[in-house]
Amino acid sequence: METEAKIGVFICDCGTEIAGFIETEALVDRVRDLPHVTLVQRGLYHCSKKGQKRIRQAIAEQGLNRVVVAGCTPRTHEPLFRATCEAAGLNGSLFEMANIREQCAWVHAAEREGATAKALDLVRMAVAKAALLEARDKVEATVTPAALVIGAGTAGLTAALTLANGGFPVKLVEREREVGGLVRKLHTLYPTMQRAEEFISERIKAVQSNPNIEVLTQTQILDLSGSASNYHVTVGGNGHRAAFDVGAIIVATGAQPSHPNGLFRYDGRRVITQLELESKLKAGPVDAQHIVMIHGAGREEERLYSSSVYCMTVLKNAILLKEMKPEACISILFGDLQSFGEWCEDEIVRARQRGIKFIHFGPESKPVVKGDVVEVHDLLSGADLSLPYDLVVLSTPLVASDGASTLASMLHIPLDDYGFFPDVHVRLRPRNYIDPGIYICGNAHYPADTNESLFQAYSAASKALHHLSVGVVTSEAPVAVVDERLCTGCGTCVETCAFQAISLEKGEGVLSMSRIAPLLCKGCGNCVTACPSKAIALQSATDRQLLAQIGAALAGPQDGKPRVLGLLCQWSGYAAADLAGARRLQYPSNVRLIRGGCSARFDPHHILWAFLNGADGVFLGACEPGECHYVLGNQYAESRINGLQEMLTAAGFDARRLQLAWLKPDEPEDFVTAITAFTASIEKLGPMA
Ligand SMILES: Cc1cc2nc3c(=O)[nH]c(=O)nc-3n(C[C@H](O)[C@H](O)[C@H](O)COP(=O)(O)OP(=O)(O)OC[C@H]3O[C@@H](n4cnc5c(N)ncnc54)[C@H](O)[C@@H]3O)c2cc1C
Ligand code: SF4
Ligand code: SF4
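Every value quoted in this text rests on a predicted model; they were computed, and no experiment measured them. Each residue is numbered by its place in its chain's sequence as written, counting from 1. Chains carry letters and ligands carry numbers; both start at the beginning, A for chains and 1 for ligands, and go up in the order they are written. At least 70 in pLDDT is required for a residue's local features to be given in this predicted model, at least 80 for side-chain atom pairs to be given and counted, and no such filter applies to totals for whole chains, interfaces and linings, which use all residues. By convention in this description, side-chain values take in all heavy atoms of the structure and omit both hydrogens and water.

*Asks:* Can you walk me through the overall build of the protein in this structure?
*Replies:* Helices and strands together make up the secondary structure of the protein, namely 19 helices and 34 strands. Dimensions of the protein, computed from C-alpha atoms along their principal axes, come out at roughly 90 × 60 × 55 Å. Counting only contacts in the protein whose residues sit at least 6 apart along the sequence, the fraction spanning at least 24 positions is 73%. Counted as positive: Lys and Arg. Counted as negative: Asp and Glu. His and the chain ends are not counted at all. Charged side chains are reduced to one point each, which is NZ for Lys, CZ for Arg, CG for Asp and CD for Glu. Side-chain charges of the protein comprise 66 positive and 76 negative groups, with the mean position of each set lying 3 Å from the other. Helix numbers and strand numbers start at the N terminus; a helix is a DSSP run of H or I with at least 4 residues, a strand a run of E with at least 2. Contacts are residue-level and defined by heavy atoms, with any inter-residue pair within 4.5 Å sufficient.

*Asks:* Is there a simple way to think about the site of ligand 2 in this case?
*Replies:* We define proximity as follows: a residue is near a molecule or strand when any one of its heavy atoms falls within 4 Å of that partner. Around ligand 2, 13 residues are found, and the nearest of them are Cys487, Cys490, Gly491, Cys493 and Cys531. Any residue that is not Ala, Val, Leu, Ile, Met, Phe, Trp, Tyr, Cys, Pro, Asp, Glu, Lys or Arg is counted as polar, Gly included; the first ten are nonpolar and the last four charged. Per-class residue counts for the shell around ligand 2 are 7 nonpolar, 6 polar and no charged.

*Asks:* Explain the sheet that holds strand E17 (residues 290–294) to me, please; I cannot follow it from the model alone.
*Replies:* Strands in a sheet are paired, the pairing made by backbone hydrogen bonds, and the direction either parallel or antiparallel. Between any two strands, pairing holds if DSSP finds at least two bridges. Taking strand neighbours across the sheet as the criterion, the 5 strands line up as E16-E23-E17-E18-E19 in an open arrangement whose pairing is parallel. The open sheet terminates on both sides in strands that have one partner only, identified here as strand E16 (271–273) and strand E19 (357–360). When the angles between neighbouring strand axes are averaged without regard to direction, this sheet yields 25°. The pairing of strand E18 (residues 329–334) with E19 spans 4 bridges and is parallel. Looking across to E19, one finds that Leu333 is bridged to Ile359. Helix axes are fitted to C-alpha atoms over the stretch in contact, other axes to C-alpha atoms as well, and angles between N-to-C directions run from 0 to 180 degrees.

*Asks:* Would you mind showing me how to read the side chain of Thr234 here?
*Replies:* Tracing the sequence through the fold places Thr234 in strand E12 (residues 230–237). Throughout, exposure labels follow a simple rule: accessible area from a 1.4 Å probe, protein chains only, divided by the maximum for the residue type, with under 20% read as buried, over 50% as exposed, and the rest as partly exposed. Given a relative accessible area of 17%, Thr234 falls into the buried group. Among all residues touching Thr234, those that are not within four sequence positions of it are Gln220, Ile221, Leu222, Asp223, Arg241, Ala242 and Ala243.

*Asks:* Just to check I follow, could you spell out helix H12 (residues 450–470) for this structure?
*Replies:* Side chains that are three or four residues apart share a direction in an α-helix, a result of its 3.6 residues per turn. For H12, built from 21 residues, the straight-helix expectation of 30 Å at 1.5 Å per residue is met to within 8% by its first-to-last C-alpha distance of 30 Å. Along H12, the residues classified as buried are Thr450, Ser453, Leu454, Gln456, Ala457, Ser459, Ala460, Ala461, Ala464, Leu465, His467 and Leu468. Capping the start of H12 is the job of one residue whose side-chain oxygen sits 3.3 Å from the backbone nitrogen of Asn451: Asp449. Here a helix's expected span is defined as the number of its residues, less one, multiplied by 1.5 Å. Pairing of N or O atoms within 3.5 Å defines a polar contact, subject to two protein rules: one partner must be a possible hydrogen donor and the other a possible acceptor, and residues neighboring in sequence count only if both atoms are side-chain atoms.

*Asks:* Hey, could you run me through the nonpolar core in this one?
*Replies:* One recurring pattern in soluble globular proteins is that nonpolar side chains are buried together. Throughout, nonpolar core names a set of buried Ala, Val, Leu, Ile, Met, Phe, Trp, Tyr and Cys residues whose side chains join them through atoms within 4.5 Å. Within the largest apolar cluster, 68 residues are counted, with the highest numbers of intra-cluster contacts made by Val9, Ile22, Val31, Val67, Ile100 and Val123. Looking at this core element by element, the count peaks at 9 residues for helix H5 (residues 112–130). Those residues in contact with Ile100, other than ones at most four positions away along the chain, are Cys12, Ile18, Ile22, Leu27, Ala70, Gly71, Ala105, Ala119, Leu122 and Val123. Ala155, Leu157, Ala159 and Ile204 belong to the second-largest nonpolar core, a separate cluster that totals 64 residues.

*Asks:* Is there a simple way to think about the site of ligand 3 in this case?
*Replies:* Taken together, Ala480, Cys497, Phe499, Ala501, Ile502, Ile516, Cys521, Lys522, Gly523, Cys524, Gly525 and Cys527 are the residues near ligand 3. Per-class residue counts for the shell around ligand 3 are 9 nonpolar, 2 polar and 1 charged.

*Asks:* Would you mind showing me how to read the pairing of strand E2 (residues 37–43) here?
*Replies:* The side chains of a regular strand alternate, first on one face of the sheet and then on the other. E2 sits mainly inside the fold: 5 of its 7 residues count as buried. As paired elements, strand E1 (residues 7–12) and E2 share 6 bridges and run parallel to each other. Residue pairing in the sheet places Ile7 in a bridge with Val37 of E2. Handedness rule for crossovers: strands pointing away from the viewer, path from the first strand over the helix to the second running clockwise, crossover right-handed. After leaving E1, the chain enters helix H1 (residues 24–31) and then returns to the sheet as E2, a path that is right-handed.

Rendered as structure tokens:
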């Protein structure tokens, strides 16, 4: 039997940050009348030591079994208040927040009445949800104390050494016959001008003599499953196959120069790439009198990134050739030369002093390689030049390594537009991935020189070392749970889950039953929405809780304005709304927002329920395509919204009442523009019939 909810609501003034814009005392009076509320306390700073003590005392003295804090955003303060509840013996999952600072006080500063009315709705929503919360236990598992490093170039060798020196056994998997990556093929390394061979062989020797590292060459990853506590890895190649378990994975698969096939009469002899020039330089002096270097060869317009590596490389090699043969004529033709740091600026000056010519061409007049000359229009002098050559050297862009997409799908992490492995969010969570046991470094991330690759390798390895040393992973995230009585074994959920957290297992009789591995589940809720039998529930975001929140959001008195409900993904729309608050950007106060783990958690039934309960418009804010933290959650959300819009149209409703917006967490202006325009459009459409 469910125990009756006894909810304590703590309304925070946040100094004057909230109380300066909202009638918090009036709010206390109104909240007292809400169902299940046993206690309402107003405080100056509930997050202060004193404030937390008052919450703990109230839990103990009043026998509260649910707590709601109406104050700032849960994105920053939820962990603190959950810990406060736990210190008083109340399971942290029985806590809920109403974000009346970022979503009321700061964004409706000139509308005291509207902001107070909205704050009451937000508290009503939090209380309605809190009444239905259930205690959940943390899921814990021991981390396998071993690591896998994929790719044995500069970054992979360095990461493997750091992990091994930290005391953990490492499998270093390299698909080529030899380790060392791109640097093994280079002649010298800017800025030190150290011999590349010397630089890389020091690291190779250290790896080969380290008893904690097993190097597996001519080997590739064939299969990968499991989670941050334990990944099962199958590797193979060249007639062998092996399987092992690790607790951390570092991806260091590098990048590769794109091949200039068909460009600038490339033939690998008189027209070669910078990488081929490096091999020639390694073999001895280069015998050429007239050398033309074409920078940015093959950099298509849609490839917006530029690699500083190539700008440095072209300078390094031009100067080397000139020093080897001072009488040689060397020209660098460039559309865009991105010098990087002091070294590069100095090198440009040095190159000019030695007589190396720099010729700037425009995007419309690229150089043309003919029989014995390169023709180019010099933007600076306006002259059409015809440069004789013995050797043409092309700088082609560094592109993602072959096989990166196969690896990314095995690891369940998205790639960026160019096929590199990005951070979860470069500005908000640099060097973090959705899975705490997976790290990326070196050129697999983006084209970088050896110094930066080394820095990234140390950074990734120290994070992995921390993860392995802690030795335990704890998941407090809400996890999806299957109700076996309702599951029909259709398998829809298995196909929906991007993390392979769900499997079908033989149940009693002929039925198969869905099983969810709690440590693999990321809590996106996509399977919950997809299950046709409604057999899956997501703890902390069950259908009952969401429907109660939606009902409560629309239960306040009508003030003649349209009712707009925003359903926001926590990573994009909700984060942008928080930032809009922090920047005091204003938007209409008749908007009520609900946070979801992912846009895929919002079910078409939730939206229909909102319309049935008086919403005039529903706005879904999701991560942009390719940016979903749960791989494809936003695409599922988009197809569900499209389907629902068709249904609404067929039923005679205006589909513009439902809108999906792609949002970025750090672009609050876009959120404000989108929600303001949507609210205005709903106002124009008038109330829902
Ligand atoms: C022409 C040129 C000149 C350069 N000059 C300089 C310079 O002067 N100074 C400087 O600092 N930097 C220079 N660089 C950059 C330098 O090469 C990189 O910074 C460095 O190679 C990055 O190391 P990495 O380990 O990230 O990648 P890589 O060196 O590319 O190593 C990646 C490794 O992963 C392996 N691999 C890939 N996919 C898989 C897979 N699926 N499974 C197993 N193994 C895999 C590859 O075979 C490779 O061995 C230059 C680069 C080029 C192209
Ligand atoms: S989608 Fe639902 S009914 Fe189908 S297997 Fe999964 S849990 Fe069972
Ligand atoms: S909630 Fe998301 S991650 Fe968890 S099992 Fe369902 S689809 Fe997979």
